[in-house]
Structures are given as structure tokens and as C-alpha cells.
Amino acid sequence: MTALKQELEQLLHEALTRLAGTLLPAEVDLKSIVIERTRDAANGDFATNVAMRLAKASGLKPRDLAQAIVEALPQSPQVVRVEVAGAGFINFFIAGDAQAQVVRQIHELGDAFGRNASGADKKALVEFVSSNPTGPLHVGHGRHGAFGASVANLLAANGWQVHREYYINDAGRQMEILAASIWLRYLEDCGETFRFPANGYKGDYIREIAAELLQMAGDTLQRSAGEVFGNLPPDEPEGGDKDAYIDAVIARARQLLGEMAYRSVLDLGLKAILSDIENDLAEFGVTFDRWYSERSLADNGAIDRALQRLAQHNHVYEKDGALWFRATTFGDDKDRVVVRENGVKTYFASDIAYHLEKRERGFDLLLDILGSDHHGYVARVRAGLEAMGEPGEALEALLVQFVTLFRDGEKAQMSTRSGEFITLRELRNEVGNDACRFFYVMRGNDQHLDFDMTLAKSRTNDNPVYYIQYAHARVASVLRQLASKGHAYDANIGMANLGLLNTPHETALLTQLARYPEIILLAGTHRAPHTLVHYLRELANAFHTYYNAEQFIVEDDAMRNARLALVMATQQVVRNGLHLLGVSSPETM
RNA sequence: GCCCCGGUAGCUCAGUGGAUAGAGCACUCGCCUCCUAAGCGAGGGGUCGCAGGUUCAACUCCUGCCCGGGGCACCA
């Protein structure tokens, strides 16, 4: 909420209060005061539809009521003109020097300009990426990283206490498959020959970890192919079931290696892959306050606590030897198994335990950023929270749709080098971190994303990242020119002469600058970084237009410093906005 | 069958119930002896998937239908 908007609200509030009991009912609903920026400058700077909303209650025609409200409005130095327009809009025209005050505010607040306290120190836990540690990150994970980091930044800018977390799925069958895959590649390195399981992980990174294992363990873990594969059920190419086959291979590995050695192979793989993911994300500017292990939930009893909570509230029952959570009571499609017939707890059990544990840590908002294919899971976990006596609304899930890469107008999902899916690292290396971070959040999360690599790489005016960064660099360039022409910016002169900024281009730029705090609030409330992206483009456009129309470094001290104050404020806002998106603000380009 | 997301300009997409539905790209035409032309300006382009409904006012809310994507495990 900008100061001007608040001022107008106050004025309207007074006007409506004056009319209450005469033209308006005694009890006026003050929530009907909505002030918006106008789309068209011909309709003033701000407008309200309050007369149309209250027309029925007053018995007047909207335009007549609007006129009465206008007449009841107190005078204000900020407002030069108020008029009734259209179906009953009240349009406000703001005085130029009042608009220019935003420049002063930006200079005073600097990096903090645009922040607000709407989050009121509420605590949010943003969980994102949480990719299974079975291989490198791909381009879809990149979108999750960029989106999650930007949403977290936006929440923080809105006054939230934000905690960023990555949930490590280190306790499941896919980890067993990882361990077996590494061991089998190791056996190949030891000279054994066999056909690799259809369901094993086949990426090159497995061979790299296997090589590391060979170096560490020598041939101490070697077993003959005959021992390993004797008496196993058929694999898929032989007409068997690939899942049953890989499970048999895993069991055999356990048996031949012993639990200790098997575990060490698994942990080696987990550690290697996790550190690769962590480095990848850190290079991408995406960091976490905590990497939360799924295993630790079982170890610290959180799962048992959650199951007890469910039992206490009478929301579990036994059927077919398994323990079921009565999720249908809470709006889910079907009841869910939490402990299998074989006594093993399901993934869902650790999931609700994890979310309960998040609440126990005191978070008001549990924001999960998930792949769109996880949508069915949200109702379940929310049901679990409610069943345990926690508010279901605390869980908010944002579903991120798929990414399709395009290169030269063609789909490009596969890496030409490895023949596998393009990794995030490859994408970053090809188009650069800034373009990646930016392109990933250009679209709303519920929109499929076509990622145009050719455009992201291009150093042309088509590329929106450069367009915005260029605005920042251009201001830096102006300041360099200023020095070389023997001038220095004088803040006192600049601030004293903000009233000189009254050309249409200056007014347009001032309006854009004043919108920034509103955009931060909006983008934060909607968890919508793309709103900020679009705004920054518009801001850059207003700046470039101004740049083309006017010379900033002029002889007149008052004018020069006023204009410099304006463009430096613009630079600050561009920098603040790009920072929230994880994009750099270069001084030169 | 049920659930979620999308359907807006040739293409990619914005659009908190408000005024003549916007931007970028593409296309056409202009602008550097001047702070970076990675820039600026002008122009053509639309039954907002379809049909009802609510409302002073619907791209926006509700219902139904059509098309596209995804999901519906004692997997994780």
C-alpha cells in the first residue's frame, strides 16, 4: 500500500462518513472502498468504484452518488482534480510533486524499498526441489529451484520469516536400486560381465561413483557374476518383471555383501549425488536452510508420534493386516495405508509425520512446491494434518507444470552429448544463470513452460533479461559519464527539485516506481514471481523511453540533479526486483 | 469414471468483478555528428474454447459441455 493510496482511502473514508445517515445508510460498509490505479492516464492516476457499489443502498444513480461523494471529499494538497466518469467511477488526479516524492523514498530506503510488513513475522517453511537423490538435477528441477527461491524471497520481502528446506527422500526402494546399480557398475569395473538390469540406474554418474568405490574398496566387494545372478527370476527383456528382478538383485547384493558393506555402498552413492545436487543449486543461487532427511523421521520417532496422534484421534483402523488412515473423513477420495501388511510404514506415513514435525517447529505456513503430477497427494497430506488436529489450511501446495526446452524452434529434451535428459547444469552452462533464473519464472507456475534456449542465449533486444539488466547498466553508464564530464550528483539539489520532473515520460516513470511496493505485495500474496517479471519489463520500458527522449546530464544544476535522482531511483528498483528473482544487476553490458 | 491445470492476437503469454482486453516475438515503416541502437517511436492484427446463469458491470464468479496436459498404489 502506497502512501498516496492510503491518503485517498482516508479522504474517501471521511467523505462516506459525512454522507452516512443522509444519502447513505447510517452503517456504511467501509470495505467497499477499493482504490485502484487506472489503466489509462486519461482517467487520472487512481480510481474508485465505490459509488457503483453503494448505489443500490443509497437509492441514487451511481453517477449522482459519485458526484455527491466528490463534493463531500475534503481538500488535499496531493490531489489536484477529482472527477466523475464512465458508469460512476471517481477519478483522482495526483499532483506532480506528490508523485515525485517516491524518488525521495527510494533513495532513503535503498535496498529495503518495496518491502512491507504484511507477513507480520509469521513463519513460513518453503519446501522445494526435494528431488530424489538418485541422479543429477534436470531442467524441471531447475524450474522448481528458481520458482521456489523467488517465492521464498517474495515472502521474506513481505515480512515473513522464511525457512527454506529440501526434503531428502533417502529412505526408500529407489535408494536400494541406486546402491545395487553402483555395485553392479563396480563389478563391471572389476572385470565381471553380465547384462545390466532393465530397472537399474544407467546414467554415467553411476559409473563415476562406481569408480570411486573401486578406488576406496579395491576388489574387496567383488563377487562373481555367477554368484550375483544365479537363480534370479527373469528380467524384463526375458519376459519377466523388471521390478521383481531388481528387488531380487538388491536382496542378493545385501546377502553377498552383508548389511554393513551394502550400507556403505548406498551411503557413498547418496553422499555423492546429494553433494552434486547441493553444488549445482548453490551455483544457481538456490540455497537451503536445512536439508531434511526422510530417514531421520524414522530415527527420531516422528513417524511413530504421527501414527499415535492419528490413533488418539481415532482415525486409523486395521484391514487386511494393514493399518489404514481414514482419509475419507477429511475429504480424500479413499482411505490410505500407513503401515503395510508386512509391517513397513508407507511413504505417506513419513510424509504426514514430516508435515506434523514442520508444525511442531512452529511454522504457520507450510508451503510445498511440487510437481504437477503430485497434485493428488495434497488432499491426502492435508487430511493427515487435520486428522492430527492441525489446521489443514496451514498446508499450501503450489504445483509447478512441466518445462519443455526448445532450441532453434525444435524440442530439445535430450542432451546431444550424453544422449540423456539435459541436466540443469548443462542448461546453466549453455544459457547462463541469469537467463535461466529469469526464464524459469517468466510464466505462472500452473502454466506449462516453453523454455526457448536460443532466445535465452541471444544477446539481442529480443531477450527480456538483457532488456531489464540493460536499464540498470545504462544508469551506471550515465553515472560514469557524469564523472567524466566533471559533475557529481548532489542529493540535496536533486531532492529539492523533484517537482521539475513533470514531463509525460517522467510522470510515467514515477508511476512505475510507485507501483513497485504494490507489485511486491501482489506477487507475494499470489506467490507469483512472474508478476514481478512483467512489472520489471514495464519499468525498464518506461526508463528506456525516457532515456531516448531526454538528456539527463544537462547544464542546469537543478534539472540535472533531479533527473539523476530519478534514474538512480530507477536503478535501485530494478536492482531490488532482480535481486528477488536471483538475477544479477550488471554495471556494464 | 473421479480429481487438478490449461484453452485470450500468426506464435509465447499477462490480465486482484470494472472504463476502448494488453505485452513480447514475428511482419511493415521510421529514429544515432547526442549519457551504450542489448535502445526508442508508429502501424496492422481478437466472436477472450462453446452454451447458459449471477451482477449496475464477467476474460475474471457459478453450472454444463468440448479440446489439450497431468494424476488417481500396501512405489517413492
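These lines cover the structure that appears in this document, whether it is placed above or below.

With that settled, the discussion passes to the pairing of strand β5 (residues 123-127). Among the five residues in β5, four count as buried, and that is most of the element. In this sheet, strand β6 (residues 161-168) lies alongside β5 in parallel orientation, the contact comprising five bridges. Looking at the pairing, A124 lines up with V162 of β6. Crossover connection from β5 via helix α5 (residues 139-157) to parallel β6: handedness right-handed. Relative to strand β11 (residues 365-371), β5 runs parallel, the two sharing four bridges. Looking across to β11, one finds that V126 is bridged to L367.

Next up on the list: the packing of helix α4 (residues 96-109) against helix α19 (residues 504-525). Contact geometry of α4 with α19 gives a least axis separation of 9 Å together with a crossing angle of 55°. When the axes of α4 and α19 are compared, the pair comes out oblique. α19 is crossed by α4, and the crossing has left-handed handedness. Facing Q99, A100, V102, V103 and I106 of α4, the residues of α19 in contact are T507, L510, T511, L513 and A514. Classifying every residue of the contact of α4 with α19 by side-chain character gives seven nonpolar, three polar and no charged.

Here we come to the pattern of salt bridges. One pass over the structure, following the stated rule, counts 29 salt bridges. D368 serves as the salt-bridge partner of K358, at 3.2 Å between the closest nitrogen and oxygen. With K358 in helix α12 (residues 347-360) and D368 in strand β11, this pair connects stretches of sequence that are ten residues apart. Look at K358 and you get buried, because its relative accessible area is 0%. Across the pair E390 and R359 runs a salt bridge whose closest N-O atoms are separated by 2.7 Å.

With that settled, consider the sheet that holds strand β13 (residues 403-407). Read across the open sheet, the three strands follow the order β14-β13-β15; overall the sheet is mixed. Unpaired on one side and paired on the other, β14 (410-411) and β15 (449-452) mark the two borders of the sheet. Where β13 and β15 come together, four bridges link them in parallel fashion. Looking at the pairing, T404 lines up with D450 of β15. Running at roughly 155° to β15, helix α15 (residues 433-440) makes contact with β13 and β15 of the sheet.

The subject of this paragraph is empty space enclosed by the protein. In this approach, a probe sized like a water molecule rolls over the atoms, and the result shows the empty space that is left. In total, this model carries one cavity of 30 Å³ or more according to the counting rule given. In this structure, the largest cavity spans a volume of roughly 50 Å³. In terms of lining residues, the largest cavity is bounded by L4, R37, D45, F46, I94, Q99, L510, T511 and A514. The leading source of residues in the lining of the largest cavity is α19, at three residues. Among the residues making up the lining of the largest cavity, the classes are represented as five nonpolar, two polar and two charged. Of the domains in this structure, domain 1 (3-94) and domain 3 (464-581) are the two that each give at least three residues to the lining of the largest cavity.

Strand pairing in a sheet takes place through backbone hydrogen bonds and is either antiparallel or parallel in direction. Here we have five strands laid out as an open sheet, ordered β7-β6-β5-β11-β12, and parallel in their pairing. Here the strands that pair on one side only, and so sit at the sheet edges, are β7 (290-293) and β12 (395-400). Along the sheet, successive strands turn relative to each other by an average axial angle of 25°, direction set aside. α5 contacts β5, β6, β11 and β12 of the sheet and is inclined by roughly 160° relative to β11.

Next up on the list: the layout of surface pockets. Size it by volume and the second largest pocket reaches roughly 500 Å³. Around the second largest pocket, the lining is made up of 15 residues, and of these K5, I35, E36, R37 and E518 lie nearest the centre. With five residues, α19 is the single largest residue contributor to the lining of the second largest pocket. The residue makeup of the lining of the second largest pocket, split by class, is seven nonpolar, one polar and seven charged. When we break the lining of the second largest pocket down by domain, the ones giving at least three residues each are domain 1 (3-94) and domain 3 (464-581).

Before going further, it helps to spend a moment on the side chain of D351. Mapping D351 onto the fold places it in helix α12. Here D351 is buried and forms no salt bridge, its nearest opposite-charge partner R380 lying at an N-O distance of 6.9 Å. Not counting residues up to four positions away in its chain, the partners in contact with D351 are Y167, Y377 and V381.

What follows is about the environment of A47. The topology assignment puts A47 in strand β2 (residues 46-48). Sequence separation between A47 and K61 is 14 residues, and the spatial gap between their C-alpha atoms is 18 Å. Non-local contacts of A47, meaning those with residues more than four positions away in its chain, are made with V34, I35, E36, T38, I90, N91 and F92.

Given a rise of 1.5 Å per residue, 21 residues ought to cover 30 Å, and the 30 Å separating the end C-alpha atoms of helix α17 (residues 464-484) matches this to within 8%. The largest bend along α17 reaches roughly 25° and is located at Y470. Capping of α17 at its N-terminal end is provided by N463; its side-chain oxygen lies 3.1 Å from the backbone amide nitrogen of V465. At the exit of α17 stands G486, carrying a positive phi of roughly 80°.

Analysis parameters
- Residues numbered from 1 in each chain as written.
- Chains lettered and ligands numbered in written order.
- Predicted model: local features only at pLDDT ≥ 70, side-chain atom pairs only at ≥ 80, totals over all residues.
- Heavy atoms only, no water.
- Buried < 20%, exposed > 50% of the residue type's maximum accessible area, 1.4 Å probe, protein only.
- Helix = DSSP H or I, 4+ residues; strand = E, 2+ residues; numbered from the N terminus.
- Pairing = 2+ DSSP bridges.
- Right-handed = clockwise from strand over helix to strand, strands pointing away.
- Axes fitted to C-alpha atoms, helices over the stretch in contact; angles between N-to-C directions.
- Parallel < 35°, antiparallel > 145°, perpendicular 65-115°, else oblique.
- Left-handed = near helix turned anticlockwise from the far one by under 90°.
- Contact = heavy atoms within 4.5 Å.
- Nonpolar A, V, L, I, M, F, W, Y, C, P; charged D, E, K, R; others polar.
- Salt bridge = Lys/Arg side-chain N within 4 Å of Asp/Glu carboxyl O.
- 1 Å grid on protein atoms, 1.4 Å probe; cavity = no way out; pocket = protein on both sides within 12 Å on 5 of 7 lines; lining within 4 Å.
- Points joined across faces, edges and corners; volume = space filled by probe spheres on them.
- Domains from an automatic or database assignment.
- Lys, Arg positive; Asp, Glu negative; His and termini not counted.
- Expected span 1.5 Å × (residues − 1).
- Bend = angle between axes of the 7 residues up to and from the residue.
- Polar contact = N/O pair within 3.5 Å; in protein donor to acceptor, adjacent residues only side chain to side chain.

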